[in-house]
Amino acid sequence: MMSCGSNAAAACCCRAASQRLGLRSSEGTSCTTGTMSTFARRFTSRRRPRCCSCADAAGGKRPFSTDSSCNTPDKSANEWPSSSFPPESYLPKRHFHFELLCQSSSKSMARVGRIHTPHGIVETPSFVPVATNSALKGVSFADTARHPLHLVFANAYHLMLQPGTDVIRDAGGLHKYSGNTHAGPFITDSGGFQVFSLAYGSVAEELASQGNGSKSGGAELKRSKDRITKKGWRSDVMGPDAVKVTEDGVTFRSYRDGTKVLLTPESTIQAQKEIGADIIIPLDELPPYHISREKLEESLDRSHRWEVRSLKEHLKDVRQQAIYCVIHGGIDVELRTRSIDYLTALPFDGWAIGGSLGNGRKELKQLLDWMMPLFETEQRRYKPRHLLGIGDEESIRNAVRMGLDTLDSCYPTRLGRHGTLMTRDGLLRIKRGANARQFGVRICDGCNCKTCRQYDRAYLCHLFKAKEPLGVMLATQHNLQYMSDLMAELRVDIAEGRL
């Protein structure tokens, strides 16, 4: 068993963690809570990285700048950047911190924790549903009140294009604008995935299938591609020539109206600050799965430079917001390790794992098996870990076993829109004729969601056959409840030593 850590306020043990979760105490697990002041002293005593000299070149530019934001690339991307981050940037934040409650001792690396944010606490491990345009597809945030969403993922790229970050800012931020009084904190993506999918159509296709690392927005981009073709927009909106990558950032054309747009590391941070995200994801480059190692390494180094610039921009005006780095390197062991070593030495508030995560569940599992132990060092384990774009149950269970804290995907809501419901016996395709006379048969035994309490399979089958919007709403509510219940069960299993 692992030894117990201590907190400045009180010693923490697995029994205490179980009590917080409303569980009975049990053997088989041990609790580990980091003493933040001790951790801060250890961390800040290490050699601090230097940040790039060109990072401030775009200070004050608006999110859609057409000017250059960086003059000179740092050719030594894997060396420390050239100037020091301030010592206070490494200290624990009052507005955001991770509390490690309990970690499995021998069966896995799974752990239970809490992410404290200005808009609420995220119980981990937790699934993060995607509200691309600050709206869940098929349900309202009020509909999720019975199964609270600890963290919601929105996309700054889409919100920049519509309605515009200035509109959301003037409305009081994402939470007020969306009426999100139930779902808690927002995490937002810079839009790098969506932009690069315009160029690498294969990326969306590779990652959009279930469990293959789909980042939110793949399906939306495919629909946009069809729409653009029908409207006869220019071919440079989609395809190999649609995106131009330079050291400054990435230039592309809006999928909405073809307007030319420049995204820079600085502008994406400014945009996410304007909309009031609790957790910010910096701009990164997402190369396709099939790419030479030389090109992958070049992309990795550029993403590192962009992330340093993003961090510099964030630290100018923190605003009670947190910023995660994004670990890259594809499935290459050396490049992934290099990315971890480089980015976790910088004062980011958490670690996100992105880029190409393999070609299928098996390769994803292999990637996590060797990579996640690298996060178990003293300096790395007391920050939250997020896996970008994973939503199928098998991959979630594997990721939780390897110590991931949060995972985002549009998978459950997308399934609901297409008449597929998640159950303990696997996926239920409700539109099949066999369900037409399933009178009184619940969608999922043991589920206490509104759909399962009030409706049977026969009625849901009818709603989808008749193309009634109510069917989508009920299926989506059920899938979100299923995911919420799944994560709650995993937290119990970890705390009681079964996982």
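See the structure shown above.
Residues numbered from 1 in each chain as written. Predicted model: local features only at pLDDT ≥ 70, side-chain atom pairs only at ≥ 80, totals over all residues. Heavy atoms only, no water.

Draft legend 1. Summary view of the side chain of His478. When you line up the elements, His478 lands in helix H17 (residues 469–495). Excluding its chain neighbours within four sequence positions, the residues that come into contact with His478 are Leu421, Met422, Ile443, Cys444, Cys447, Cys449, Thr451 and Cys452. (Helix = DSSP H or I, 4+ residues; strand = E, 2+ residues; numbered from the N terminus. Contact = heavy atoms within 4.5 Å.)

Draft legend 2. Broad picture of the sheet that holds strand S13 (residues 279–280). Strand order in this open sheet of eight strands is S7-S17-S16-S15-S14-S13-S9-S8, and the pairing throughout is parallel. The sheet terminates laterally at strand S7 (126–129) and strand S8 (152–155), the two strands that pair on one side only. Where S7 and strand S17 (residues 406–409) come together, four bridges link them in parallel fashion. Counted as the bridge partner of Ser126 is Thr406 from S17. Set on the sheet, helix H10 (residues 293–316) makes contact with S13 and strand S14 (322–327); between it and S14 the angle comes to about 175°. Along the sheet, H17 makes contact with S7 and S17, crossing S7 at roughly 160°. (Pairing = 2+ DSSP bridges. Axes fitted to C-alpha atoms, helices over the stretch in contact; angles between N-to-C directions.)

Draft legend 3. Here's a closer look at the sheet that holds strand S12 (residues 260–263). With antiparallel pairing, the three strands of this open sheet are ordered in space as S10-S11-S12. Edge positions in the sheet fall to strand S10 (244–245) and S12, since each of these pairs with one other strand and no more. As judged from the two bridges shared by S10 and strand S11 (residues 250–253), these two strands associate in the antiparallel manner. If you follow Lys244 over to S11, its bridge partner there is Thr251.

Draft legend 4. Inspection of the packing of aromatic side chains at higher detail. Considering all chains together, one arrives at four aromatic pairs under this definition. With centroids separated by 6.3 Å and ring planes inclined at 65°, the aromatic side chains of Phe96 and Tyr324 adopt a geometry described as edge-to-face. Here Phe96, found in the loop between strand S3 (83–84) and strand S4 (97–104), pairs with Tyr324, found in strand S14; they are 228 residues apart in sequence, far enough to count as distant. When sorted by exposure, Phe96 lands in the same class as Tyr324, which is buried. Pairing Phe141 with Phe186 gives two aromatic rings, centres 6.1 Å apart and planes at 85°, and the pair type is edge-to-face. Here the residue Phe141 occupies a position in the loop between S7 and S8, and Phe186 occupies one in strand S9 (residues 186–189), the gap between them amounting to 45 residues. When its relative accessible area of 6% is taken as the criterion, Phe141 is described as buried. (Phe/Tyr/Trp six-rings, centres within 6.5 Å; stacked < 30°, edge-to-face > 60°. Buried < 20%, exposed > 50% of the residue type's maximum accessible area, 1.4 Å probe, protein only.)

Draft legend 5. Quick look at the environment of Leu490. Turning to its location among the elements, Leu490 is positioned in helix H17. Separated by 379 residues in the primary sequence, Leu490 and Arg111 place their C-alpha atoms 9.6 Å from one another. Apart from residues lying up to four places away in sequence, Leu490 is in contact with Ile396, Arg397, Val400 and Leu499.

Draft legend 6. Structural detail: unusual backbone geometry. Along the chain, Thr124 connects to Pro125 via a cis peptide bond; the corresponding omega equals 0°. Tracing the backbone shows Pro125 in the loop between strand S6 (120–124) and S7. Note the cis peptide between Gln162 and Pro163, where omega equals 10°. Topologically, Pro163 is positioned in the loop between helix H3 (156–161) and helix H4 (165–170). A positive phi angle is found at Lys467, which is not glycine, with a value near 60°. Relative to the helices and strands, Lys467 is located in the loop between helix H16 (457–465) and H17. On the accessibility criterion, Lys467 (73% relative accessible area) is exposed.

Draft legend 7. Spotlight on the environment of Glu99. Mapping Glu99 onto the fold places it in strand S4. For Glu99, a relative accessible area of 16% gives the class buried. A distance of 2.8 Å separates a polar atom in the side chain of Glu99 from a polar atom in the side chain of His116. (Polar contact = N/O pair within 3.5 Å; in protein donor to acceptor, adjacent residues only side chain to side chain.)

Draft legend 8. Geometry of the pairing of S9. Residues Phe186 and Thr188 line one face of S9 and the alternating positions Ile187 and Asp189 line the opposite face, and both faces are buried. With four bridges connecting them, S8 and S9 associate as parallel partners. Counterpart to Phe153 in the pairing with S9 is Ile187. Relative to S13, S9 runs parallel, the two sharing two bridges. Bridge pairing in S13 links Ile187 to Ile279.

Draft legend 9. Region of the structure containing the nonpolar core. Judged by nonpolar contacts, the single largest core of 48 residues is most densely connected at Leu368, Met372 and Leu387. A per-element tally of this core places H17 first, with six residues. Ignoring sequence-local partners within four residues, the contact set of Leu368 consists of Pro373, Leu387, Ala399, Met402 and Leu404. Counting 27 residues, the second largest nonpolar core, distinct from the first, contains Ala154, Tyr255, Trp306 and Leu480. (Core = buried A, V, L, I, M, F, W, Y, C linked by side-chain atoms within 4.5 Å.)

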